[in-house]
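# Architecture at a glance
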Amino acid sequence: MEIKAIGCEPLQLKRVHLKDSHTLKVYQENGGYASLKKAMNMSSDDIINEVKASALRGRGGAGFPTGMKWSFVPRDSPKQKYIVCNADESEPGTFKDRYLLELDPHALIEGMLIAAFALGSEACYIYYRGEYRYLIDIMDKAIEEAKAANLVGKNILGSDFNCEFYTHTGAGAYICGEETALLSSLEGYRGHPRMKPPFPAIEGLYACPTVVNNVETLTAIPQIIEMGGEAWHNLGTEKSGGTKLWSVSGHVKKPGVYELPMGYMDMEKFIMEDCGGIRNGHELKACIPGGSSVYAMRADQIFGKKVRMDYEGLVEAGSLVGSGGFIVMDETVDIVDSTKNLTEFYKHESCGWCTPCREGTDWLTKIFTRIADGGGRPEDAQLILDLVDNIEGKSFCALGDAAAWAIQGAVKRFPEDFKKHLLPNNGNN
Amino acid sequence: MASAVATDFTNQIVYTDEVAEFSPEIVAEMESHLTKYPAERKRSALIPLLFVIQRERGWVDNAGVNYLARFLDLEVTDVWETATFYSMFNLRKIGKYHIQVCKTLSCRIMGEPDITEHICNKLGIHVGETTEDEKFTVSRVECLGSCGTAPMMQINFDYHEDLTTEKVDKILDSLK
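Criteria and cut-off values
Residues numbered from 1 in each chain as written. Chains lettered and ligands numbered in written order. Predicted model: local features only at pLDDT ≥ 70, side-chain atom pairs only at ≥ 80, totals over all residues. Heavy atoms only, no water. Pairing = 2+ DSSP bridges. Helix = DSSP H or I, 4+ residues; strand = E, 2+ residues; numbered from the N terminus. Axes fitted to C-alpha atoms, helices over the stretch in contact; angles between N-to-C directions. Contact = heavy atoms within 4.5 Å. Buried area = accessible area lost by both parts, 1.4 Å probe. Salt bridge = Lys/Arg side-chain N within 4 Å of Asp/Glu carboxyl O. Polar contact = N/O pair within 3.5 Å; in protein donor to acceptor, adjacent residues only side chain to side chain. Parallel < 35°, antiparallel > 145°, perpendicular 65-115°, else oblique. Left-handed = near helix turned anticlockwise from the far one by under 90°. Nonpolar A, V, L, I, M, F, W, Y, C, P; charged D, E, K, R; others polar.

Bringing the sheet that holds strand 3 (residues 153–155) of chain B into the picture now. Residue and element names in this part refer to chain B. Spatially, 4 strands are ordered 2-1-3-4 in an open sheet, and the strand pairing comes out mixed. Unpaired on one side and paired on the other, strand 2 (136–141) and strand 4 (158–160) mark the two borders of the sheet. For this sheet, the mean inter-axis angle between neighbouring strands, taken without regard to orientation, is 25°. Note that strand 3 and strand 4 share 3 bridges and pair antiparallel. What sits directly across from glutamine 154, in strand 4, is tyrosine 159. Of the strands in this sheet, strand 1 (97–102), strand 2 and strand 3 touch helix 6 (residues 112–123), which is tilted by about 155° from strand 1.

This is the structure we're talking about:
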């Protein structure tokens, strides 16, 4: 598997190839914690303004502007403020955070410290998906090292800034990647999403002001402070700042984690050259560029279309950046089968809180199972779309929308695959 | 090898008032988890503590849950409410090695069905079953975040990636 930057100097991946990259020593030898020192000589407003100027958007999938999210926190509130890192990486096709957590844990600690300093927080939680247990030991050691070096704990670097770090684990639930469900889980409850407003910035963990950010979002913060928000922004495009990690999987010759500048040209080159092209003797059929929850793209929406890889470019091309979980499929994949697979995923991961998502994903799974068993009927395509229409925009959280988009995209863009399964002589039984 | 002793993941809990007992070392470990959270927010430690129960008892059982309820000043139903939500908590006895094959899209298109079939044939059980010697349980689970090295499986907490049937044989044969 490849881990490398293309079209830009490695930023997120700057240290990952160094021996013992996870240690404080190597991190500091390569510029680590210089940004924290710089930030501690800046005002909170200046730090937040740099993050705003960077145009950094949440890398977990929703793409919300990070600087704006931070600015919602009432810094004058007498309550404790919390910084929570969302390391519940669970979007199918996404595995970038795993490598950051394993190979560059101090970058996350530094990013969280800068956030904590800017927002007046004294407590940081890193919420790992339960399956990433082996990564927690690495982080706990990194926190211990940082503590011994007076970078975490009381009177950090001789200042009056105090900040403690805690690792916490989930136990197998995709929904806990949704930030309010994550907070419920961190409080020891079922991973049910919460009503918004109040947003976590006002009432999050323990009803205190809380910022929840993805791993890749937080590891970008030291880079932004180091080079300045505008310079970081300029690595990308006008509306999509900086660089982004793409987790590439499926039928390419060189799967891996790739760091690309936002606005990378273009998706065809990325798949066919950078990722080594499709495995021998096969051809591209479809690509899901942003994790399973975004619209799948057909090969003819990619080839010759100069698809720009950033937030706006992918919307124009008919999909989304999402989490950057880039799943490539060749002609051997039956889209009905791949969509059935995702439908089962959303059914399993629906938390059951709201009816459209709980019942909708269950019903969809039943339909897809019947189709897979040879009982597909011509009217099923429309039935699926009608059903999906009753989930999209009607569920309590975005999981319902995610399921809806994954399925909608497949039915609308790959009708020939569905036609093969939806046979007139199957009747109405 | 062995034939099956259980057929699915049905909750096997028998609800009684029995409370588990733990050694002072384990109690100290449990108490260390409490230090991560504000004193009045002990419930936050529930998921990490359920993992301790599962490790010590082999599964999340009635007596272990009763212990946690006392330990955290919760109702027994509060503990069950959380324990039954998360897929990593086993509500029945499972084998010493829990083989969890990732079944989601990237793994599926990279050969997961063959891997699962191979494991089941080798062990002589179906998905969801445990071998008669209680050594192996096989599950298919949702995306484990290892898509670039698909197909993959997790055995207990260890990741095994870029699987082939030969590699699976080696791994399973090495487990005692």
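Let's pick the thread back up.
Tallying the contact residues gives 55 residues for chain A and 38 residues for chain B. When chain A packs against chain B, the two sides together hide about 3,800 Å² of surface, and 57% of this comes from carbon and sulfur. The three residues of chain A that bury the most area against chain B are Ala171(A), Arg190(A) and Tyr206(A), which together make up 17% of that side's buried surface. The tally of links from chain A across to chain B stands at 3 salt bridges. We note a salt bridge from Asp337(A) to Arg108(B), for which the minimum N-O separation is 2.8 Å. Our count for the chain A to chain B interface comes out at 26 residue pairs in polar contact (both at pLDDT 80 or more).

Packed helices, taken two at a time, are described by the angle between their axes plus the distance between the axes. Residues and elements named next belong to chain A. For the pair helix 13 (residues 335–349) and helix 14 (residues 355–375), the least separation of the axes is 9 Å and the interaxial angle reads 150°. By the criterion of interaxial angle, the relationship of helix 13 to helix 14 is roughly antiparallel. As helix 13 runs across helix 14, the sense of the crossing is left-handed. Across from Val336, Thr339, Lys340, Thr343, Glu344, Tyr346 and Lys347 in helix 13, the residues of helix 14 making contact are Thr361, Asp362, Leu364, Thr365, Phe368, Thr369, Ile371 and Ala372. Residue composition of the contact of helix 13 with helix 14, grouped by class: 6 nonpolar, 5 polar and 4 charged.

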